[in-house]
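Chain residues, written in single-letter form:
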Amino acid sequence: MSNPILPMNRPFPHWTIVLACLALIRPVLAQDELSQVPGYVDFSELTSQFGEAPTLEVNIKGQLLKLVAEASRADDPELADLLLELQAIQVRGYPLRRAQFRSMERRSEILAGQLEADGWETVVNLRDFGQYVDMYVKQNATAIEGMVLLVLDSEAGETVFINIVGNIDPQEMGRIGSKFTTAQLEDITP
Amino acid sequence: MNPIDDSRPTDAWIDERLEAFLDGDLPPEELARMERVLANDPTWHVRLTLATRIQAELRASFTPAVPAGLTRVILSRARRAHRAQVWGDWWRTGLQTFLARFRAAWQPALALTSIAALATFLYLAGGFNASRTAPATVPDVEQALAEVKWTLGYISKTGRKTGESVQSAIGPLLQGSPHE
């Protein structure tokens, strides 16, 4: 009895197996390509360092970031242009109880040390009562390739890590960001 | 022509063929050689006569018959062994035929199963974010836009608060400077 789909005498085309495997591996390789970008920081170890899952997580990159840029063009062309210069936006937020502030501070200092060892330059180190703010940038000869913001705020009860990857103009980013009010922030924060 | 045929064969050669000569089983050329030897060699003629007498007495002696029961048992076991061999050959042949016939279907099925297992492993291992690799829907984009605005707003707010903290920290220092 012959198989109408796969004739018995024809071997299964092995190249289809190779192509199927490549199709599966391609998304993994895409993630690996981003990890090779100098301004990228791998936040995957934060969960193990903090011992709990983030309460806030943002991962916007690749095609989605481009779609967001175009979606914002009608209302905010400046925001669209800024987003088209970026490759990824990552955010991790963890709850912060007052009793945890010191331990969270030590963990953040470990991360800060790793960034400095990887060539990130310190922009801001703020240590105030109940406040811990570090900002780092990764620069090449001509532009800023990435930015990391580490914030511990015992008053707000939150720990936030932000990584922006891409061609960044900090002043422009601050200016455009100032347009987004507290009401919009409250819509998204837990 | 073999020159050895013309020469007298060795005693060992004759001895090996003596019984076959008596049974009439020698090929023609060896039979001719044996007859020449036996006709011309008195010693071997005597030995041939003795061998002939011994053979006649053996043939005339009592030949034991195999018990009928033993015959039946041996034949039964022989038939059973034959049947087992036939069945065994049938199974082996059938299995080989089955495997050969369906190998064309098994190979792609096994390959597809392997691919599915690999895909499941990659997904469970977090090798790629399935929710993001799927085509983004309008709600996905709207949500992502809100997240982007929140992030930029948070960065801006943090910058302002940091600037205020720095101002409040160095303000008194500046007020106390000589040029003031």
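Owing to the predicted nature of the structure, the values given are computational and were not obtained by experimental measurement.

**Q** Just checking my understanding: could you explain the overall build of chain B for this structure?
**A** In terms of regular secondary structure, chain B is built from seven helices and zero strands. Counting helices and strands in the order they occur from the N terminus, chain B gives α-α-α-α-α-α-α. Out of the 180 residues in chain B, the part that is buried amounts to 23%. Counted over contacts in chain B with a minimum sequence separation of 6, partners at least 24 positions apart contribute 48%. Looking at chain B as shown, the accessible area adds up to about 13,300 Å², and 63% of this sits on carbon and sulfur atoms.

**Q** Please clarify how a nonpolar patch on the surface should be interpreted in this entry.
**A** Taken together, B:Leu95, B:Phe98, B:Phe102 and B:Trp106 make up a surface patch of nonpolar side chains, about 400 Å² in accessible area. Tracing the backbone through its elements, the reader meets B:Leu95 in helix H5 (residues 68-124).

**Q** I keep staring at the confidence of the model for chain B and nothing clicks. Help me out?
**A** Any residue range with low pLDDT should be treated as having predicted coordinates unsuitable for detailed reading. All names here are of chain B. In this model, chain B carries a mean pLDDT of 77, and residues with pLDDT of at least 70 account for 79%. Per-residue pLDDT, averaged within each element of chain B, yields its smallest value for helix H6 (residues 130-133) (48) and its largest for helix H3 (residues 28-40) (89). Counting contacts from residues 127-132, a segment whose pLDDT is below 50, to residues more than four positions away or on other chains yields 11 contacts. Scored by ipTM, the complex comes to 0.80, with pTM at 0.55.

**Q** When you look at the sheet that holds strand E3 (residues 121-128) of chain A in this model, what are you seeing that I'm missing?
**A** For sheets, the rule is that strands pair by backbone hydrogen bonds, running either parallel or antiparallel. Residue and element names in this part refer to chain A. One open sheet accounts for six strands, arranged E1-E2-E6-E5-E4-E3; its pairing is antiparallel. In this open sheet, the two strands that pair with only one neighbour each are strand E1 (56-61) and E3. When strand polarity is set aside, the average angle formed by the axes of neighbouring strands in this sheet is 5°. One ladder, built from seven bridges, connects E3 with strand E4 (residues 131-139); its direction is antiparallel. When the sheet's bridge partners are listed, Arg 127 is paired in E4 with Tyr 132. Along the sheet face, helix H3 (residues 62-73) touches E1 and strand E2 (86-95) and points at about 85° away from the line of E1.

**Q** I'm lost on the nonpolar core in this one. Help?
**A** General note: in soluble globular proteins, nonpolar side chains tend to be found buried as a group. If you look at the biggest cluster of nonpolar residues, it comprises 36 residues, and the most contacted ones within it are A:Leu83 and A:Ile164. For this core, the element with the most residues is helix H7 (residues 138-175) of chain B, which contributes eight residues. Beyond its immediate stretch of four places on either side in the chain, A:Leu83 contacts A:Leu65, A:Val68, A:Ala69, A:Ser72, A:Ile89 and B:Val148.

**Q** Before we go on, may I ask you to explain the packing of helix H4 (residues 77-84) of chain A against helix H6 (residues 170-177) of chain A in this structure?
**A** Any two packed helices are characterised by how steeply their axes cross, that is the angle between the axes, and by the distance between the axes. All names here are of chain A. Packing of H4 against H6 leaves a shortest axis separation of 11 Å and a crossing angle of 140°. Taken as axis vectors, H4 and H6 run oblique relative to one another. Note that H4 runs across H6; the crossing there is left-handed. On H6, the residues touching Glu 78, Leu 79 and Leu 82 of H4 are Glu 172, Met 173, Arg 175 and Ile 176. Here the contact of H4 with H6 is built from residues that sort into four nonpolar, no polar and three charged.

**Q** When you look at the packing of aromatic side chains in this model, what are you seeing that I'm missing?
**A** To describe a pair of aromatic rings, one takes the distance between the centres and the angle between the planes. All names here are of chain A. Here the structure, examined in full by the defined rule, presents five aromatic pairs over all chains. On the basis of an interplanar angle of 80° and a centroid distance of 6.2 Å, the ring pair of Tyr 94 and Phe 161 is categorised as edge-to-face. In this pair, Tyr 94 sits in strand E2 while Phe 161 sits in strand E6 (residues 158-168), placing the two residues 67 residues apart along the sequence. In this structure, Tyr 94 and Phe 161 share a single accessibility class: buried.

**Q** Would you mind showing me how to read the environment of A:Ala143 here?
**A** All names here are of chain A. Residue position: Ala 143 is located in the loop between E4 and strand E5 (144-153). Residue classification places Ala 143 among the partly exposed residues on the basis of a relative accessible area of 21%. Considered as a pair, Ala 143 and Gly 166 are 23 residues apart in the sequence and their alpha carbons are 9.3 Å apart. If we skip the residues at most four places from it in the chain, Ala 143 touches Lys 138 and Asn 167.

**Q** When you look at the pairing of E2(A) in this model, what are you seeing that I'm missing?
**A** The side chains of a regular strand alternate, first on one face of the sheet and then on the other. All names here are of chain A. For E2, the buried fraction is high: eight of the 10 residues fall into the buried class. Here E1 pairs with E2 via six bridges, running antiparallel. Bridge assignment links Lys 61 to a residue of E2, and that residue is Ala 88. Inspection of the sheet shows E2 paired to E6 by nine bridges, in the antiparallel sense.

Conventions adopted
- Residue indices begin from 1 for each chain and proceed along its sequence in written order.
- A letter from A marks each chain and a number from 1 marks each ligand, given out in the order of writing.
- Only residues with pLDDT of 70 or above have their local features reported here, since the model is predicted, and side-chain atom pairs are shown and tallied only from 80 upward, although totals for entire chains, interfaces and linings are computed over all residues.
- Where side-chain values are given, they derive from all heavy atoms of the structure, hydrogens and water being excluded.
- Helix and strand assignments follow DSSP, with helices taken as H or I runs no shorter than four residues and strands as E runs no shorter than two, numbered in order from the N terminus.
- Under the scheme applied here, a residue whose accessible area is under 20% of the maximum for its type counts as buried, over 50% as exposed, and between as partly exposed, the area being computed with a 1.4 Å probe on protein chains only.
- The contact criterion used throughout is that any non-hydrogen atoms of two residues lie within 4.5 Å.
- Only the protein chains shown count as cover for residues, and the accessible areas themselves come from Shrake-Rupley with a 1.4 Å probe.
- To count toward a patch, a residue needs a relative accessible area above 30% and no salt bridge. Like charges then connect within 9 Å, nonpolar side chains (Val, Leu, Ile, Met, Phe, Trp, Tyr) within 5 Å.
- The term salt bridge refers to a pairing of a side-chain nitrogen on Lys or Arg with a carboxyl oxygen on Asp or Glu at a separation within 4 Å.
- Per residue, pLDDT captures the predictor's confidence, and it can take any value from 0 to 100.
- Any two strands with at least two DSSP bridges between them are considered paired.
- Simply put, an axis is a line fit to the C-alpha atoms, just over the touching stretch for a helix, and the angle between two N-to-C directions goes from 0 to 180 degrees.
- Nonpolar core, defined: a set of buried Ala, Val, Leu, Ile, Met, Phe, Trp, Tyr and Cys residues in which side-chain atoms within 4.5 Å join the residues together.
- Each angle gets one of four labels, with under 35 degrees taken as roughly parallel, over 145 as roughly antiparallel, 65 to 115 as roughly perpendicular, and the rest as oblique.
- In this scheme the crossing of two helices becomes right-handed for a clockwise turn of the near helix relative to the far one and left-handed for an anticlockwise turn of less than a right angle.
- Note on residue categories: nonpolar means Ala, Val, Leu, Ile, Met, Phe, Trp, Tyr, Cys or Pro, charged means Asp, Glu, Lys or Arg, and polar means any other residue, Gly included.
- Aromatic contacts are taken between Phe, Tyr and Trp rings whose centres are within 6.5 Å, Trp giving its six-membered ring; a plane angle under 30 degrees counts as stacked, one over 60 as edge-to-face, and the others as tilted.

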